[in-house]
Amino acid sequence: MITLIMYLHHFQKPILLHGHERALTQIKYNRDGDLLFSCAKDQTPNVWYSLNGERLGTFNGHCGAVWCIDVDWQTKHLISGAADNSLRLWDVSNGSEIGNLAVRSAVRTCAFNYSANMAVYTTDSTYGFACEIHIIDVRNADESFSKTSSILRMQVEGAKVTSTIWGPLDKTIITGHDDGTITQWDTTTGRIMNTIKEHKNAINDIQKNSDGTMFITASKDCTAKLFDVEDLSLLKTYTTERPVNSAAVSPIFDHVVVGGGQEAMEVTTTSTKAGKFDARFFHLIFEEEFARVKGHFGPINSLAFHPDGKSFSSGGEDGFVRIQSFDQSYFDYKFDY
Amino acid sequence: MPALEPIESWAEEAEAEFEGKKHLPPTTEVIANGLKIVTSYRFNDDDKLEKIVRSYKIERRKVSKAVAARKLWKKYGESANDKPGPNPSNTFAGEEVYMQFISGKEDSDKPDENPFEKLKEQKGLVKCRSCNGDHWTLHCPYKDMMTKLKPEEKLPPASGGASGEQKYVPPSLRDGGGKRGEMSSNLRHDALAIRISNLSPNTSDHDLEELVKPFGAINKLYLAKEKTTGQCRGFAYIHFKSKEDARIAINKLNGYGYDHLILKVDWSKPNTTT
């Protein structure tokens, strides 16, 4: 007996990427949006063609959970930081490891600056080592990367850094901390320029909007907040009833997507329905939720808008990355006010 | 492309089957009409042969040079041995998921509040001084009459209503109802209504409106419909604004052929008979 099973790949259907065996930690598009990078608590970051979900390759080498990835503007190099106390630089075209920078504790966040001449990474405060922010020169993308010494080293007093972005013109670095504070650092002197505490609990993610004038934070205190990137003034608050793990701003509409769910520890004790693992869409200005997209059966850990704004991706605790193209109703939708 | 496949003898196949070996037909790929159709086979849990057909749409898109160059990169890492196109073991299409739009909270609250407030206003605040109706004295339809009646009758029912039991008084009985009754029956448009019967079941409200519009202004239009199917039950009532229009309509439409049926039109009978 022959049973016929049909799989039809439409681009409207969400594409599920199952390249990770464990919970996703971060996903990022490159500047053109044709590639989607993902890393998880397993040891291999993946790269996918965002259009059809085809896997281009994996970056093999880490031997610990990969916490963070970033790709430069030309999609030449990728950096990844992992719990194996290393920051690695990869060639995106062939997946080979260019360099491996050994660090004293787990690398929690990493980011190229705009020109990709420099990169910032932060380390966890474990094994008796303090949390530190390092800025390194990455222009020499060869074996010497492994011996790179930091241009600038900033010791963090207090709660550890959980997310990092570069400020405008690479003059500042903005870090989100485990206790909800946001700190702005001067990249030339290494001094703290500004510190605010608008969140009551740990910040899980910080993402800039498409022109880099604002950034959105996702916090465990069940809110996502929008800040000005220059003076860190609080602009908007998006409130949910679950911890927020990631938030992103649409590049084409005044929309914000917020994802989260309860903590990984508590997932097994609640049903999927109660979990509220939907990606939720808020209006950027009116702070009002207007739509939801379900899909994951675990909390969403990382969200990213495609740079053209026509699709978005989410990486979940369930180990899946979902590429969701917006249907026509999203583009036709007008917010009533 | 069956010609290129290694031809296996049926004997080998039969032998394999006899020995209990699982034999899978080879996977085939056909590219036609912009679709790549991959047919593969597998054994399911019950050891039954399953045929899996996956079809992929092949699209050509214009992209920037950098993106095009990246598209030609060789796969690496764990994907090094993958064929062009998504590898079904780690990329698959999910169930279609639609955005669920949530209407604003404020919008849903407003309609609830407003009618309530309106009701309040109507019941309590607005009361006609001449007839106790739920409208402003200024807008009282019986204003002319009341001004005449007032000096003679001194409004016994109205004063009674105001003093104690605020019972419901039907409009026909309010304020010396007898005369009013006559008036209102004239005012009411029953007399101006016509009944159209022998309409075809396919007639819609819109059709009916089109049919009677040319005869003059219409007050009300009622098309009897089947509750379940929404089909016309064959008759309708039209309330014209003027009696003259109604008369013309009857003259013209009675015996008029409409949708293969001959219409029967007459004055609507007042339902005093029932």
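Residues numbered from 1 in each chain as written. Chains lettered and ligands numbered in written order. Predicted model: local features only at pLDDT ≥ 70, side-chain atom pairs only at ≥ 80, totals over all residues. Heavy atoms only, no water.

(A) Region of interest: the overall build of chain B. Helix and strand content of chain B: eight helices and eleven strands. Nonlocal contacts in chain B, meaning residues at least 24 apart in sequence, comprise 45% of its contacts between residues at least 6 apart. As presented, chain B carries roughly 20000 Å² of accessible surface, and 54% of it is formed by carbon and sulfur atoms. (Helix = DSSP H or I, 4+ residues; strand = E, 2+ residues; numbered from the N terminus. Contact = heavy atoms within 4.5 Å. Areas by Shrake-Rupley, 256 points an atom, 1.4 Å probe, with all protein chains shown as cover.)

(B) Up close: the overall build of chain A. Across its full length, chain A holds three helices and 29 strands. When each of the 337 residues of chain A is scored for burial, the buried share is 61%. Taking as baseline every contact in chain A between residues at least 6 positions apart, the subset at least 24 positions apart corresponds to 42%. Entry remark: accessible area of chain A is about 13400 Å², with carbon and sulfur atoms responsible for 49%. (Buried < 20%, exposed > 50% of the residue type's maximum accessible area, 1.4 Å probe, protein only.)

(C) Inspection of the interface of chain A and chain B at higher detail. Counting from both sides, the interface comprises 58 residues of chain A and, opposite them, 45 residues of chain B. In total, chain A and chain B occlude about 4600 Å² of area from one another, counting both sides; carbon and sulfur atoms represent 55% of this. For the pair chain A and chain B, the interface holds four salt bridges. If you list the elements that add at least two residues to the side of chain A that touches chain B, you get β1 (3-9), β2 (15-17), β5 (46-49), β6 (55-58), β26 (289-293), β29 (321-325) and α3 (328-332) of chain A. At seven residues, the largest contribution of residues to the side of chain A that touches chain B is made by β1 of chain A. In terms of residue class, the side of chain A that touches chain B is made up of 28 nonpolar, 18 polar and twelve charged. As defined by bridge partners, β2 of chain A adjoins strand β4 (residues 91-93) of chain B across three bridges and the pair is classed as antiparallel. (Buried area = accessible area lost by both parts, 1.4 Å probe. Salt bridge = Lys/Arg side-chain N within 4 Å of Asp/Glu carboxyl O. Nonpolar A, V, L, I, M, F, W, Y, C, P; charged D, E, K, R; others polar. Pairing = 2+ DSSP bridges.)

(D) Representation of the sheet that holds strand β8 (residues 232-240) of chain B. Residues and elements named next belong to chain B. Taken in spatial order, the four strands line up as β7-β8-β6-β11 in an open sheet, and their pairing is antiparallel. At either end of the open sheet lies a strand with only one pairing partner, and these are β7 (218-225) and β11 (264-267). Here the average twist between neighbouring strands, direction ignored, is 20°. The strands that helix α7 (residues 205-212) touches are β6 (193-197), β7 and β8; relative to β7, the one it contacts most, it runs at about 140°. Against the sheet, helix α8 (residues 243-253) engages β6, β8 and β11, with an angle of about 150° to β11. (Axes fitted to C-alpha atoms, helices over the stretch in contact; angles between N-to-C directions.)

(E) Inspection of the confidence of the model for chain B at higher detail. Residues and elements named next belong to chain B. With 66% of its residues at a pLDDT of 70 or more, chain B shows a mean pLDDT of 72. Confidence drops under a pLDDT of 50 for residues 1-5, and excluding neighbours within four residues, the segment shows three contacts in the predicted structure. The model gives residues 105-113 a pLDDT under 50, and that stretch makes four contacts with residues more than four places away or in other chains. For this predicted complex, the interface confidence reaches an ipTM of 0.76, while the overall pTM sits at 0.65. (pLDDT = per-residue confidence, 0-100.)

(F) View of the layout of surface pockets. Considered as a void within the structure, the second largest pocket measures approximately 1600 Å³ in volume. Taken together, 48 residues make up the lining of the second largest pocket; nearest its centre are Leu 51 and Asn 52 of chain A together with Glu 59, Arg 61 and Lys 71 of chain B. Listing elements by their share of the lining of the second largest pocket, those giving two or more residues are β29 of chain A together with β3 (49-57) and α2 (65-71) of chain B. Considering every element that reaches the lining of the second largest pocket, the biggest residue donor is α2 of chain B, with three residues. Classifying every residue of the lining of the second largest pocket by side-chain character gives 21 nonpolar, eleven polar and 16 charged. (1 Å grid on protein atoms, 1.4 Å probe; cavity = no way out; pocket = protein on both sides within 12 Å on 5 of 7 lines; lining within 4 Å. Points joined across faces, edges and corners; volume = space filled by probe spheres on them.)

(G) Broad picture of unusual backbone geometry. Phi at Leu 232 of chain A takes a positive value of approximately 60°, unusual for a residue other than glycine. Along the chain, the position of Leu 232 of chain A falls in the loop between β21 (223-228) and β22 (234-239). With a phi close to 60°, His 260 of chain B is a non-glycine residue in the positive phi region. Along the chain, the position of His 260 of chain B falls in the loop between β9 (257-258) and β10 (261-262). Take His 260 of chain B: its relative accessible area is 70%, and that puts it in the exposed class.

(H) Structural context of the pattern of salt bridges. All names here are of chain A. Applying the stated criterion across every chain, the model contains 18 salt bridges over all chains. Salt-bridge contacts for Arg 108 lead to Asp 124; the nearest nitrogen and oxygen are separated by 2.8 Å. Here Asp 124 lies in the loop between β12 (118-123) and β13 (132-137) and Arg 108 lies in strand β11 (residues 107-112), a separation of 16 residues in the sequence. With respect to burial, Arg 108 and Asp 124 carry one shared label: buried. Sharing partners across several salt bridges, the network here consists of Glu 241, Arg 280, Glu 289 and Arg 292.

(I) Structural context of the pairing of strand β28 (residues 311-316) of chain A. All names here are of chain A. Counting buried residues along β28, six of its six residues qualify, which places the element largely inside the surrounding structure. Every second residue of β28 is oriented toward a common face, with Ser 311, Ser 313 and Gly 315 on one face and Phe 312, Ser 314 and Gly 316 on the other, all of them buried. As paired strands, strand β27 (residues 300-305) and β28 are joined by five bridges and run antiparallel to one another. Each bridged residue has a counterpart across the sheet, and for Ser 302 the counterpart in β28 is Gly 315. Counted along the chain from β27 to the antiparallel partner β28, the turn is five residues long, and its residue Gly 309 has a positive phi close to 75°.

(J) Region of interest: α7 of chain B. All names here are of chain B. The set of residues buried in α7 consists of Leu 208, Leu 211 and Val 212. With its buried residues spanning 80° around the axis, α7 presents them on a single face. On the buried face of α7, the contacting elements are β6, β7, β8, α8 and β9. (Arc of directions from axis to C-beta.)

(K) A look at the UniProt feature "repeat: WD" (unreviewed entry) in chain A. As annotated in UniProt, the feature "repeat: WD" (unreviewed entry) corresponds to residues 17-58, 59-100, 154-195, 196-237 and 293-323 of chain A in the numbering used here. Secondary structure across residues 293-323 of chain A comprises 0% helix and 52% strand; the distance between its end C-alpha atoms is 12 Å. (UniProt positions renumbered as here; feature names shortened; annotations may be inferred.)

(L) The sheet that holds strand β7 (residues 66-71) of chain A, seen in detail. All names here are of chain A. If you trace the four strands from one edge of the open sheet to the other, you get β7-β8-β9-β10, paired in antiparallel fashion. The sheet is open, and its two edges are formed by β7 and β10 (97-102), each paired on a single side. Ignoring strand direction, the axes of neighbouring strands in this sheet form an average angle of 15°. In terms of strand pairing, strand β8 (residues 77-82) meets strand β9 (residues 86-91) through six bridges, oriented antiparallel. What sits directly across from Leu 78, in β9, is Trp 90.

(M) Spotlight on a nonpolar patch on the surface. Judged by side-chain polarity, Ile 285, Phe 286 and Tyr 337 of chain A come together as a nonpolar surface patch covering roughly 370 Å² of accessible area. Summarising the element assignment, Ile 285 of chain A is placed in the loop between β25 (279-283) and β26. (Patch = residues over 30% accessible without salt bridge, like charges linked within 9 Å, V, L, I, M, F, W, Y side chains within 5 Å.)

(N) Spotlight on the packing of aromatic side chains. Using the criterion set out here, one finds 26 aromatic pairs over all chains in the structure. A network of ring pairs unites the aromatic residues Phe 253, Phe 281, Phe 286, Phe 290, Phe 305, Phe 312, Phe 326, Tyr 330, Phe 331, Tyr 333 and Phe 335 of chain A together with Phe 101 of chain B as a single cluster. The ring of Tyr 49 of chain A is capped by Lys 71 of chain B, whose NZ or CZ atom sits 3.7 Å from the centre of that ring. (Phe/Tyr/Trp six-rings, centres within 6.5 Å; stacked < 30°, edge-to-face > 60°. Lys NZ or Arg CZ within 6 Å of the ring centre and 35° of its normal.)

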